[in-house]
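Descriptive analysis of the structure
Here is what each chain is made of, one letter per residue.
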Amino acid sequence: MTLAPAGRFIVTGRAEGRVLAADQGLSFWGGVDPATARVIDAHHPWAGEDIRGRVLVMPTSRGSCSGSGVLLDLALNGRAPAALIFREGEDVLTLGALVSGLLFGHGIAVIRLNETAFATAMSADRLEVTEDGLRIGALSIPLSPPPRSDLALSDHDRALRDGKGGEAARLAMEILIAMAAQQGAPDLIDVTQAHIDGCIYASPANLSFAEMMLAKGARVRVPTTMNAISVDHAHWRAQGVAAEFGAAAARLADAYVEMGAAPPSARVLMTNSGKYAHYAPGLSGRAVRFGSLRACVAAARTGLAPSLLDWLT
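Quick caveat, the model's predicted, so the values are computed rather than measured. (Residues numbered from 1 in each chain as written. Predicted model: local features only at pLDDT ≥ 70, side-chain atom pairs only at ≥ 80, totals over all residues. Heavy atoms only, no water.)

1. Comments concerning the pairing of strand β1 (residues 7-11)
The cut-off we apply is this: To sort residues, take the accessible area from a 1.4 Å probe on protein chains only and compare it with the maximum for the residue type: under 20% means buried, over 50% means exposed, and anything in between is partly exposed. The helix count covers DSSP runs of H or I at least four residues long, the strand count covers runs of E at least two residues long, and both are numbered beginning at the N terminus. When DSSP finds at least two bridges between two strands, those strands are taken to pair.
Counting buried residues along β1, four of its five residues qualify, which places the element largely inside the surrounding structure. Summarising the sheet, β1 and strand β7 (residues 109-113) pair through four bridges and their orientation is antiparallel. When the bridges of β7 are listed, R8 appears paired with R112.

Listed below in structure tokens is the structure:
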């Protein structure tokens, strides 16, 4: 008797390891120390656990999106989990696993299970990920292959996918198509501008990714802006920032600028975060104004600072 699949691969791979299960998601950014692979979120059930080589079972992950880079850093340094098993949709760690496998050859299996199979994995002590499913003791759980992309691609999209725009563009399209397929998207939407959020130096992997893509010929294709970076690019040495960190953070920014992105140029930043308002002047070298969310949206739309009354309402 052939059992029906109880889930599917999102990213294929083979693995075996002890299960580490929790009924709540974990943020890898701020929740996992990439230098030790230990969970440092004191409020999570896995606090203090070493996740290297473990099969992580949780409903989904939590943000920030910088968790992709943390997983990549763990993979590049031999500290990654053996596999990731989810019950719900998940994008952050899935993206890190895709990049780790496609660009660096460090594959991490990502699996999504139905409710029953997920409960079984949650209670397991150890499991194996095979080429076509899971093995938990004598129990075999069949899985479907990764979702096939039926995206309605334009001629330009297909050309990029087929490598006619260079290796970096081909890899970027492969990642985009894989992410879109696992989300069930019917097509891609062309954009007229873009913003690079992940410019902070969260780990060496962020820099490895950017410089590898640059070396493969990556260039922006629409007007692209950048988020604030981790240091004041012009003054970090004078500010006493550690040389190893400051130089790497500056190189990360330089890589995106060389790809054609415009560095942050606004003289004044607007935020509704008290914490960011406190730290941002030293990090960015810019004046920072604190205001309501409405004031921040108005500033983003118009490029002008709202009136004092708007800051407070």
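2. Re the pattern of salt bridges
Test applied: Any Lys or Arg side-chain nitrogen found within 4 Å of a carboxyl oxygen on Asp or Glu counts as a salt bridge.
Taken as a whole and assessed by the stated rule, the structure comprises 13 salt bridges. A salt bridge links R87 to E88; the shortest N-O distance between them is 3.0 Å. In this structure, the salt-bridge partner of R170 is E167, at a minimum N-O distance of 2.8 Å. On the criterion of helical spacing, the pair formed by R170 and E167 is a turn pair, its members being three residues apart in helix α5 (residues 167-183). Assessed through its relative accessible area of 24%, R170 is described here as partly exposed. Several salt bridges converge on common partners, so that one network encompasses R87, E88 and E115.

3. Quick look at the packing of aromatic side chains
Keep this limit in mind: Here is the rule: rings of Phe, Tyr and Trp (six-membered ring for Trp) pair when centre to centre is within 6.5 Å. Planes less than 30 degrees apart are stacked, more than 60 are edge-to-face, and the remainder are tilted.
Under the criterion given, the structure shown has one aromatic pair. Residues Y201 and F245 carry aromatic rings whose centres are separated by 5.5 Å and whose planes lie at 70 degrees to one another, so their mutual orientation is edge-to-face. With Y201 in the loop between β11 (194-196) and α6 (204-215) and F245 in helix α7 (residues 243-258), the pair connects residues that are 44 residues apart, well separated along the chain. Among the residues examined, F245 registers a relative accessible area of 34% and is labelled partly exposed.

4. Thoughts on the sheet that holds strand β10 (residues 139-142)
Note the cut-off: Between N-to-C directions, angles cover 0 to 180 degrees, with each direction set by a line fitted to C-alpha atoms, over the stretch in contact for helices. The contact criterion used throughout is that any non-hydrogen atoms of two residues lie within 4.5 Å.
Pairing is mixed across the open sheet formed by eight strands, whose spatial order is β1-β7-β6-β5-β2-β8-β9-β10. Whereas interior strands pair on both sides, the edge strands pair on one side only; in this sheet they are β1 and β10. Adjacent strand axes in the sheet meet at a mean angle of 25 degrees when their direction is disregarded. Direction of pairing for strand β2 (residues 15-21) relative to strand β8 (residues 126-129): antiparallel, over a ladder of four bridges. Bridge pairing links E16 to E128 in β8. Across the face of the sheet, helix α2 (residues 92-104) comes into contact with β1, β6 (83-86) and β7 while running at roughly 55 degrees to β1.

5. Re the side chain of E90
What counts, and what does not: Polar contacts, as counted here, are pairs of nitrogen or oxygen atoms within 3.5 Å of one another; within protein the pair requires one atom able to donate a hydrogen and one able to accept it, and residues that are adjacent in sequence qualify only if both atoms are side-chain atoms.
Secondary-structure assignment places E90 in the loop between β6 and α2. Looking at E90, its side chain comes within polar contact range of the side chain of S61, at 2.6 Å. In this structure, E90 is in contact with T60, S61, R112 and Q182, ignoring residues within four places of it in sequence.

6. Some thoughts on the confidence of the model for the chain
Fine structural detail should not be taken from predicted coordinates in areas where pLDDT scores are low. To keep things clear, this is the line we draw: Residue-level confidence of the predictor is what pLDDT reports, using numbers from 0 through 100.
Taken residue by residue, the chain gives an average pLDDT of 89. The fraction at 70 or more is 92%. Low pLDDT, under 50, characterises residues 309-313; the stretch is placed with twelve contacts to residues that sit more than four places away or in other chains.

7. Observations regarding the environment of D91
For D91, the location among the structural elements is in the loop between β6 and α2. Its relative accessible area of 34% is what places D91 among the partly exposed residues. Once residues within four sequence positions are removed from consideration, D91 is found in contact with M179, Q182 and Q183. Side-chain polar atoms of D91 contact the side chain of Q183, separated by 3.0 Å.

8. Topic: the packing of helix α1 (residues 67-76) against α2
The line we're drawing: Put simply, angles under 35 degrees are roughly parallel, angles over 145 are roughly antiparallel, angles from 65 to 115 are roughly perpendicular, and the rest are oblique. Each crossing gets its handedness from the near helix: less than a right angle anticlockwise from the far helix is left-handed, clockwise is right-handed. Under the grouping applied here, Gly and all other residues not named as nonpolar or charged are polar, the nonpolar ones being Ala, Val, Leu, Ile, Met, Phe, Trp, Tyr, Cys and Pro and the charged ones Asp, Glu, Lys and Arg.
Two elements in contact, α1 and α2, have axes separated by 7 Å at closest approach and are oriented at 40 degrees. What the angle tells us is that α1 and α2 run oblique. Judged by the twist between their axes, the crossing of α1 over α2 is right-handed. On α2, the residues touching G67, S68, L71, L72, A75 and L76 of α1 are V92, L93, L95, G96, A97, V99, S100 and F104. Split by residue class, the contact of α1 with α2 holds ten nonpolar, four polar and no charged.

9. Notes on α6
Convention followed: Multiplying 1.5 Å by the helix residue count minus one yields the expected span of that helix.
Taking 1.5 Å of rise per residue, the twelve residues of α6 would be expected to cover 16 Å, and the 16 Å separating its terminal C-alpha atoms lies within 8% of that figure. Those residues of α6 that sit buried are A205, N206, L207, A210, M213 and L214. Trailing α6 by a residue or two, G217 shows a phi angle of about 100 degrees, which is positive.

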